[in-house]
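Topology and contacts: notes
Here is how the chains run, residue by residue.
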Amino acid sequence: MTNAQATDKHPGELADVPGWFPPLDQMLFTWLLEQQKKAGTKGDLLELGVYLGKSAILLGHHLQDGERFTVCDLFEGDAPDGANQAEAAKSYASLTQQAFERNYLSFHDALPTVITGPSSLVPETVAAGTCRFVHIDASHLYEHVYGDIGAARDILLPEGVVVLDDFRSEHTPGVSVAAWEAVLNRGLNPVCLSTQKLYATWGDPEPLQEELLQMLRQRSDVGLSTQEAAGHRLIRTRSRGMKPPSFPPSRHYVEPAHAAPAPTVAESRAARPARPAPSRARRLARDLLPPVVTRAVRRARAKRS
């Protein structure tokens, strides 16, 4: 992971917000949240680790009436231990709560509920069994991810969806261990895998997987495969030149200026160059040769030109 640098400018589009949120995951977030809405599933949203707000902005767009959106991040605060503090200083030095709020309010009228501090504080604010969607992208250390997964299980509704970021990245082995341990020993059922995130549920994944496969098979911009492992069906997805799904621009969006096309000028007869007068030899040929021969000569000239 490289440091994405914050900008002090208001974003005009979601793509202007720094962060790690590939088009494939934007599409999967959007589809899952819309499927929950179609199914009439109501519940709150929760994100652990927001960086500068890219995924939070998308989540907030799918908030339904009466639902609550909560985010949690250390921002400039102190980490709970030295290892977490070192991680934050290395990868998130540019993160400030002010930058997050500026970006979020560029797209929304009000902020979500913001918890400034470690994710261990979340159960004090978010009640058990209240959320339909939880995105975990906070600390990458095993002990912290283990705790975040346990908190998500308590907070989620029975058919709610949890998304674990960086579960397969080479620099985050702690997330990988915690994620697959939850699958093997803690009842977590994978729904699908992207190149960056694990989508899962503690409910029955089969109905959601069937709908997901039906949608994915109709797309030419997604590589798709399925595997069986330890009794779980794993749906693997990867981008094939995918573009991000459409998303409303921010209140600061400025339409790009397009160069005006050059005016078309009708050429007047006077402006056209005069045709040269025929030579004496050509006049004689025109007057003396039979019309058939004259036409043959013209055709031959036309082919050469």
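Refer to the structure above for everything that follows.
Residues numbered from 1 in each chain as written. Predicted model: local features only at pLDDT ≥ 70, side-chain atom pairs only at ≥ 80, totals over all residues. Heavy atoms only, no water.

Quick look at the pattern of salt bridges
This structure, assessed with the given rule, holds six salt bridges. Residue arginine 132 pairs with glutamate 67 through a salt bridge whose shortest N-O separation is 2.9 Å. In this pair, arginine 132 sits in strand 4 (residues 131–136) while glutamate 67 sits in the loop between helix 2 (54–61) and strand 2 (69–73), placing the two residues 65 residues apart along the sequence. The exposure classification of arginine 132 matches that of glutamate 67, with both residues buried. Notably, a salt bridge pairs glutamate 210 with arginine 233, separated by 2.8 Å at the nearest N-O pair. Placement of the pair is glutamate 210 in helix 7 (residues 206–216) and arginine 233 in strand 9 (residues 232–239), with a sequence separation of 23 residues. On the accessibility criterion, glutamate 210 (41% relative accessible area) is partly exposed. A cluster of three or more residues bridged by salt bridges with shared partners is formed by Glu206, Glu210 and Arg233. (Salt bridge = Lys/Arg side-chain N within 4 Å of Asp/Glu carboxyl O. Helix = DSSP H or I, 4+ residues; strand = E, 2+ residues; numbered from the N terminus. Buried < 20%, exposed > 50% of the residue type's maximum accessible area, 1.4 Å probe, protein only.)

Observations regarding the pairing of strand 8 (residues 222–229)
Pairing of strand 8 with strand 9 involves eight bridges; the strand directions are antiparallel. Bridge pairing links valine 222 to serine 239 in strand 9. Linking strand 8 to strand 9, which pair antiparallel, is a turn of two residues; within it alanine 230 sits at a positive phi near 50°. (Pairing = 2+ DSSP bridges.)

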